[in-house]
Amino acid sequence: MTMFQVSALMLTLVGVGIIYATSKHQRLLQDTLPKPLAWVGSSLLLFALLSWMQLLTTTAAIFTWLFTIVALLICVPFTTLTKTRENHR
């Protein structure tokens, strides 16, 4: 994998994680992150698109970028299933 692929994947993962953590329905953190941080997550996703565009044609870059975002937005909430409940009776 080239450095642009790694950076695009990492930027997308962090961007989606930040956007998810600003949602009031998230269960990854104790408290939600402030709403202005969603802009930071969106900016990271834009930088990820630019990284994909360095590697692929425009159409393929946009498709790969959107597919990666959708896949991560589906997978990130499932990470909370591995957490143990402290008040489980």
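Residues numbered from 1 in each chain as written. Predicted model: local features only at pLDDT ≥ 70, side-chain atom pairs only at ≥ 80, totals over all residues. Heavy atoms only, no water.

If you tally the helices and strands in the protein chain, you get 3 helices and 0 strands. Taken from the N to the C terminus, the helices and strands of the protein chain come in the order α-α-α. In terms of its C-alpha atoms, the protein chain occupies a principal-axis envelope of roughly 55 × 25 × 20 Å. Out of the 89 residues in the protein chain, the part that is buried amounts to 26%. For the protein chain, the share of sequence-separated contacts (at least 6 apart) that also reach a separation of at least 24 residues comes to 55%. Put simply, the protein chain shows about 6600 Å² of open surface, and 69% of that area lies on carbon and sulfur atoms. (Helix = DSSP H or I, 4+ residues; strand = E, 2+ residues; numbered from the N terminus. Buried < 20%, exposed > 50% of the residue type's maximum accessible area, 1.4 Å probe, protein only. Contact = heavy atoms within 4.5 Å. Areas by Shrake-Rupley, 256 points an atom, 1.4 Å probe, with all protein chains shown as cover.)

Quick look at the packing of aromatic side chains now. By the definition in use, this model includes 1 aromatic pair. Taking the centre distance of 6.3 Å and the plane angle of 20° together, the rings of F63 and F67 count as stacked. One end of the pair is F63 and the other is F67, both in helix α3 (residues 58–75) and 4 residues apart, which spans about a single turn. Summarising the burial analysis for this pair, F63 and F67 share the class exposed. (Phe/Tyr/Trp six-rings, centres within 6.5 Å; stacked < 30°, edge-to-face > 60°.)

So, about the nonpolar core. Of all hydrophobic cores here, the largest spans 12 residues; its members are A8, V16, Y20, L45, A48, L49, W52, A61, W65, I69, L72 and V76. If you list the elements that add at least two residues to this core, you get α1 (3–21), α2 (37–55) and α3. Once you skip the residues sitting within four places of it in the chain, W52 turns out to touch Q5, A8, L9, T12, A61, T64, W65 and T68. (Core = buried A, V, L, I, M, F, W, Y, C linked by side-chain atoms within 4.5 Å.)

Here we come to the environment of T79. You can see T79 is positioned in the segment after α3. You can call T79 partly exposed: its relative accessible area is 38%. Between the alpha carbons of T79 and R27 there is a distance of 9.2 Å; along the sequence they are 52 residues apart. There is a polar contact of 2.6 Å between the side chain of T79 and the backbone oxygen of V76. (Polar contact = N/O pair within 3.5 Å; in protein donor to acceptor, adjacent residues only side chain to side chain.)

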